[in-house]
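Descriptive structure summary
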Amino acid sequence: MASEPASAQASDPAAVEPLLRLTDVQAGYGRAALVLRGLSVTVAPSSVVCLVGPNGAGKSTVLKVASGLLTPRAGQVVVDGVDVTGRTPQQLLAAGLSHVPQGHSVFPEMTVAENVLLGAYTVHDRSVIAERADFVTGLFPLVGERWSALAGALSGGQQKQVEFARSLMVRPKVVLLDEPSMGLDPKATGKVFEQVQRMRDAGTAVLLVEQNARRALEAADVGCVLDLGKVHITGPAPTLLADPRLAQLYLGGRPKEVP
Ligand SMILES: Nc1ncnc2c1ncn2[C@@H]1O[C@H](COP(=O)(O)OP(=O)(O)O)[C@@H](O)[C@H]1O
Ligand SMILES: [Mg+2]
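Residues numbered from 1 in each chain as written. Chains lettered and ligands numbered in written order. Predicted model: local features only at pLDDT ≥ 70, side-chain atom pairs only at ≥ 80, totals over all residues. Heavy atoms only, no water.

A closer look at the coordination of the magnesium ion (ligand 2)
Here is the rule: Counted as donors are the N, O and S atoms within 2.8 Å of the metal, or 3.2 Å for Na, K and Ca, while water is not among the atoms, so some sites may look incomplete. Helix and strand definitions follow DSSP, with helices as H or I runs of at least four residues and strands as E runs of at least two, each counted in order from the N terminus.
With distances of 2.1 Å, the protein atoms coordinating the magnesium ion (ligand 2) are Ser60 (OG) and Gln102 (OE1). Of this pair, serine 60 sits in helix 1 (residues 59-66) while glutamine 102 is found in the loop between strand 6 (97-100) and helix 3 (112-118), placing the two residues 42 residues apart along the sequence.

Details of the pairing of strand 9 (residues 222-227)
Rules: The buried label applies to any residue whose accessible area, calculated with a 1.4 Å probe on protein chains only, is under 20% of its type's maximum; exposed applies above 50%, and partly exposed to all values in between. Pairs of strands are assigned from DSSP output, requiring at least two bridges between the strands.
Buried residues dominate strand 9, accounting for six of its six residues. Going residue by residue along strand 9, you find Val222, Cys224 and Leu226 tucked away on one face and Gly223, Val225 and Asp227 tucked away on the opposite face as well. Judged from the four bridges that link them, strand 3 (residues 48-52) and strand 9 form a sheet pairing that is parallel. The residue bridging valine 52 from the neighbouring strand is valine 225, located in strand 9. Between the end of strand 9 and the start of strand 10 (residues 230-236), which pair antiparallel, lie two residues, with leucine 228 showing a positive phi angle near 50°.

A short note on the site of ligand 1
Rules: Throughout this document, a residue counts as near a molecule or strand when at least one of its heavy atoms sits within 4 Å of that molecule or strand. Each polar contact in these results corresponds to two N or O atoms within 3.5 Å; when the atoms are within protein, one needs to be able to donate a hydrogen and the other to accept it, and residues that are neighboring in sequence are counted only if both atoms are side-chain atoms. Accessible surface is estimated by sampling points in the Shrake-Rupley manner with a 1.4 Å probe; for residues, cover comes only from the protein chains shown. Each residue gets one label: Ala, Val, Leu, Ile, Met, Phe, Trp, Tyr, Cys and Pro are nonpolar, Asp, Glu, Lys and Arg are charged, and the others, such as Gly, are polar.
The immediate surroundings of ligand 1 are formed by Tyr29, Val35, Pro54, Asn55, Gly56, Ala57, Gly58, Lys59, Ser60, Thr61 and Lys64. Here an oxygen atom of ligand 1 sits 2.5 Å away from a polar atom, N or O, in the side chain of threonine 61. The fraction of the free accessible surface of ligand 1 (560 Å²) that becomes covered by protein chains is 58%. Split by residue class, the shell around ligand 1 holds four nonpolar, five polar and two charged.

Some remarks on the sheet that holds strand 7 (residues 174-178)
The condition is simple: Structural elements are reduced to axes, namely lines fitted to C-alpha atoms, with helices fitted over the stretch in contact, and the angle between N-to-C directions of any two is expressed from 0 to 180 degrees. Residue contacts are defined here by distance: any two heavy atoms, one from each residue, within 4.5 Å place the two residues in contact.
In spatial order, the strands read 6-7-8-3-9-10; together these six strands make up an open sheet with mixed pairing. Every interior strand has two partners, whereas the edge strands, strand 6 and strand 10, have only one. Ignoring strand direction, the axes of neighbouring strands in this sheet form an average angle of 20°. Where strand 9 and strand 10 come together, six bridges link them in antiparallel fashion. What sits directly across from valine 225, in strand 10, is isoleucine 233. Running at roughly 150° to strand 7, helix 1 makes contact with strand 3, strand 6, strand 7, strand 8 (205-210) and strand 9 of the sheet. The strands touched by helix 7 (residues 186-201) within the sheet are strand 3, strand 7 and strand 8, with strand 8 carrying the most contacts at an inclination of about 155°.

Focus: helix 6 (residues 156-168)
To be explicit about the condition: To estimate how far a helix should extend, the number of its residues minus one is multiplied by 1.5 Å.
In this model, helix 6 (13 residues) spans 19 Å end to end at C-alpha, consistent with the 18 Å of a helix rising 1.5 Å per residue. Extensive coverage of helix 6 is indicated by the burial of 11 of its 13 residues. Residues of helix 6 that are buried include every one of Gly157, Gln159, Lys160, Gln161, Val162, Glu163, Phe164, Ala165, Arg166, Ser167 and Leu168, and no others. Elements in contact with the buried residues of helix 6: strand 6, helix 3, helix 4 (126-139), helix 5 (141-145), strand 7 and helix 7.

Focus: the pattern of salt bridges
Note the cut-off: We define a salt bridge as a contact between a side-chain nitrogen of Lys or Arg and a carboxyl oxygen of Asp or Glu at a distance within 4 Å.
Inspection of the entire model under this criterion finds five salt bridges. Its salt-bridge partner being glutamate 163, residue lysine 160 comes within 2.9 Å of it at the nearest N-O pair. Residue lysine 160 and its partner glutamate 163 are both found in helix 6; the two are separated by three residues, about one turn of the helix. Taking relative accessible area as the criterion, glutamate 163 reaches 2% and is therefore assigned buried.

Some remarks on the nonpolar core
Defined as follows: Put simply, a nonpolar core is a bunch of buried Ala, Val, Leu, Ile, Met, Phe, Trp, Tyr and Cys residues held in one set by side-chain atoms that sit within 4.5 Å of each other.
Counting 44 residues, the largest nonpolar core has Val116, Phe140, Leu177, Val196, Met199, Val206 and Leu208 as its most contacted members. With five residues, helix 7 is the largest single contributor of residues to this core. Not counting chain neighbours up to four residues away, the residues in contact with valine 196 comprise Val48, Phe164, Leu177 and Val206. Core analysis: the second largest hydrophobic core is formed by 32 residues, Val25, Ala57, Val77 and Ala95 among them.

Quick look at the structure:
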């Protein structure tokens with residue numbers, strides 16, 4: 001299928017080497033048809049890139065390829081200039097990619113502290129762990145305030161903060177967030193996206209995938225629309241928000257059908 005020209009030339013801050021680059025990725029599950037069919041996306045330093053697309057479009061599959069949970073059949077994954085295609089999840093974590101999966105991943109019977117510190121299981125120096133715990137509680141004050149509480153006692157939005165804090169304990173270059181707003185009410189959703197921006201402002205680039213396209217694009221710097229296994233439209237998030245083709249896509253049409 002022919003790609004639609006980008007609505008606004010992706011303001012890929014061209015001069016800047018991206019922290020994460022997926023190029024022409026093909027990936028799928030078992031013998032089923034490929035889910036990703038030549039997908040390319042880049043994440044520049046200090047940016048939030050948001051990949052939007054309908055349910056089943058392959059958003060989670062993109063993050064699984066980026067974090068090494070799924071080996072691509074073709075294409076490349078490059079982190080900060082290093083080709084990491086085919087490496088294990090542990091190696092990709094060490095390379096600087098931290099994945100916050102879709103759904104809930106806090107352990108409700110453990111404290112907030114225990115949940116957050118799990119993120120530092122690869123670190124053995126206690127002073128480094130303490131320094132990182134200070135960093136994440138500075139970024140997410142609620143996590144510090146509820147440090148000794150059972151994680152299961154927190155609201156859904158608060159539990160997301162615990163997951164974010166845990167993911168930052170490895171000090172990743174890029175954090176991969178899979179539908180962090182899922183199941184949250186509009187107020188909690190707004191807070192989650194504020195925290196996403198806070199992570200970026202503190203120096204961690206973000207690749208966010210969301211079905212909640214409008215809210216997510218409002219928080220993002222760059223937006224990409226995933227459809228039929230490829231990124232069909234990419235550009236500055238505000239430009240995408242104003243693009244009638246985006247609305248059309250969610251009304252069931254395809255970008256190529258829009259005049
Ligand atoms: N573990 C799996 N095994 C087989 N098929 C899968 C698996 N995970 C996802 N799929 C299929 O891959 C496609 C894309 O899924 P996914 O990446 O989860 O989409 P999204 O996150 O955009 O909703 C869907 O058709 C889904 O059914
Ligand atoms: Mg998904």
